[in-house]
Amino acid sequence: MSEQQSRAPKVSILVPCYNVEKYLEQCLGSLKAQTLQDIEVICINDGSTDSTAAIIDRFCAEDARFRVIEKENSGYGASMNRGLDAARGTYVGILESDDFCELETFERLYAAAEEIGADAVKANFFFYWSTKEPRNRKNELIGARMPAVVDPASYPELFWYMPSIWSALYRRDFLREHDIRFLETPGASYQDLSFTFKVWACASKVGLLSDAFVHYRQDNEASSIHAPGKVFCVCDEFDEIERFLEAHPDKSALHTIETRLKFDSYIWNYWRLDVDLRSQFIERFEADFKAAEAAGTIDFDLFQPWSEADLRHILKSASDFHTWATITQGKQTGIASLARYWEMGGFGLVMKRLKHRG
């Protein structure tokens, strides 16, 4: 083992890989060219059957900072945990194998983390399309309206922001101290949800960067965001979050935060499913939120008015909500929209909605 390989690097970058030959060269190339040289890149090959392994092997042969973990196919969560166990860096970063990043990504994230002594740092990212011609759309971090350094306990918005675990850097000792790992469910199905929740729940100092670095690919047809058949996988993540909260009674104040996040995730899952699968999911949706209602963890003050209307509708009658959603696709305007707000929440909800206009 060389001196460089035996010395702990500043950053370990985990790259989970599964049958991604079309995009992997660009991904790993963006890591090889990072301006921060003191890194290690750990590629976790989850039983790929295409040329993914050969591409990884070539990068490993050309650059001693690259190494590979070969494993049988067992899913994203298991791959990420193997990577966390193997990481040696002061910080851990993640890059999905169909994405790529700007060359100064990890230099900027590392510098920010060191400057403030952060448990984690979080940056913006680009939604990226490679066809018909390459284009990026910057996703503005909700944290741009927050201070540059926050305690998540004081800024619940952070919990509701898209997990995007690959636009962040995590101090490895912090992850180990709080035993923050991924849920090892099959495939690639929402495992970033419980991981991110635990990070924000345990962190006391998070740095927020308004710049964007990672190009998050939207046109990979094999991506998990295009796999509608995983009807209940999102529920597994919230079962894990609730297990975590029960094991940490000092964090009981986060139950209402988790319930708002759960609604946002469930309603997103509902709309992404094929129409014939939504009727299955809405039953679980209703049951879980009736349980939350009974437990007193729904705080409508945390909900946007349109989300409150949807949740009240589901609690009143999930089947009626499903019929309404199928007919309208969730889009109503004018008098019909205000009439629904009145039906679901009366004058108070109508006024809440009107205040959010503009």
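Data block above holds the structure.
Calculation rules
- Residues numbered from 1 in each chain as written.
- Predicted model: local features only at pLDDT ≥ 70, side-chain atom pairs only at ≥ 80, totals over all residues.
- Heavy atoms only, no water.
- Axes fitted to C-alpha atoms, helices over the stretch in contact; angles between N-to-C directions.
- Helix = DSSP H or I, 4+ residues; strand = E, 2+ residues; numbered from the N terminus.
- Parallel < 35°, antiparallel > 145°, perpendicular 65-115°, else oblique.
- Left-handed = near helix turned anticlockwise from the far one by under 90°.
- Contact = heavy atoms within 4.5 Å.
- 1 Å grid on protein atoms, 1.4 Å probe; cavity = no way out; pocket = protein on both sides within 12 Å on 5 of 7 lines; lining within 4 Å.
- Points joined across faces, edges and corners; volume = space filled by probe spheres on them.
- Nonpolar A, V, L, I, M, F, W, Y, C, P; charged D, E, K, R; others polar.
- Core = buried A, V, L, I, M, F, W, Y, C linked by side-chain atoms within 4.5 Å.
- Buried < 20%, exposed > 50% of the residue type's maximum accessible area, 1.4 Å probe, protein only.
- Phe/Tyr/Trp six-rings, centres within 6.5 Å; stacked < 30°, edge-to-face > 60°.
- Lys NZ or Arg CZ within 6 Å of the ring centre and 35° of its normal.

Student: Where do I start with the packing of helix α2 (residues 21–32) against helix α3 (residues 52–62) in this structure?
Tutor: Pairs of packed helices are described in terms of their axes, by the angle between the two and the distance that separates them. At a closest axis distance of 9 Å, the pairing of α2 and α3 adopts a crossing angle of 20°. Taken together, α2 and α3 sit at an angle that is classed as roughly parallel. When the axes of α2 and α3 are compared, the crossing they make is right-handed. Counted together, E21, L24, E25, L28, G29 and K32 of α2 and T52, I55, I56, R58, F59 and E62 of α3 form the full contact between these two elements.

Student: Can you help me understand the layout of surface pockets in this one?
Tutor: The probe, sized like a water molecule, is rolled over the atoms to show the empty space still left. Counted as a void, the second largest pocket has a volume near 400 Å³. The greatest single-element share of the lining of the second largest pocket, amounting to six residues, is contributed by helix α14 (residues 334–355). Partitioning the lining of the second largest pocket into residue classes produces seven nonpolar, eight polar and six charged.

Student: Even after reading the chapter, I still don't get the environment of I241, so can you show me in this structure?
Tutor: Examined against the element boundaries, I241 turns out to sit in helix α9 (residues 233–247). Measuring from C-alpha to C-alpha, the distance between I241 and L193 comes to 8.5 Å, with 48 residues separating the pair along the chain. Residues contacting I241, with those up to four places away along its chain left out, are L193, S194, F197 and E258.

Student: Got a minute to help me understand empty space enclosed by the protein in this structure?
Tutor: As enumerated under the stated definition, the model contains one cavity of 30 Å³ or more in all. Considered as a void within the structure, the largest cavity measures approximately 40 Å³ in volume. Together, F159, Y161, P163, L193, T196, F197, W200 and L261 line the largest cavity. Considering each element in turn, the lining of the largest cavity owes the most residues, four residues, to helix α8 (residues 191–202).

Student: What is the right way to look at the nonpolar core in this model?
Tutor: Among soluble globular proteins, nonpolar side chains are generally buried collectively. One finds L28 and L31 to be the most contacted residues of the largest nonpolar core, which totals 108 residues. Excluding its chain neighbours within four sequence positions, the residues that come into contact with L31 are I13, V15, I39, V41, R65, F66, L95, C101 and F106. Residues Y341, M344, L349 and V350 belong to the second largest nonpolar core, which totals five residues.

Student: Please explain the packing of aromatic side chains as it appears in this structure.
Tutor: Two measures describe an aromatic ring pair: the distance that separates the ring centres and the angle between the ring planes. Per the counting criterion, the structure on display carries 27 aromatic pairs. Taken together, a centroid distance of 5.4 Å and an interplanar angle of 45° make the contact between F285 and F289 tilted. In this pair, F285 and F289 are both assigned in helix α11 (residues 275–295), four residues apart and thus about one turn of the helix distant. Classification of F285 as buried rests on a relative accessible area of 0%. Among the residues examined, F289 registers a relative accessible area of 0% and is labelled buried. When the ring centre of Y270 is taken as origin, the NZ or CZ atom of R278, which lies over that ring, is 5.5 Å away.

Scope: geometric values only; no functional claims are made or implied.
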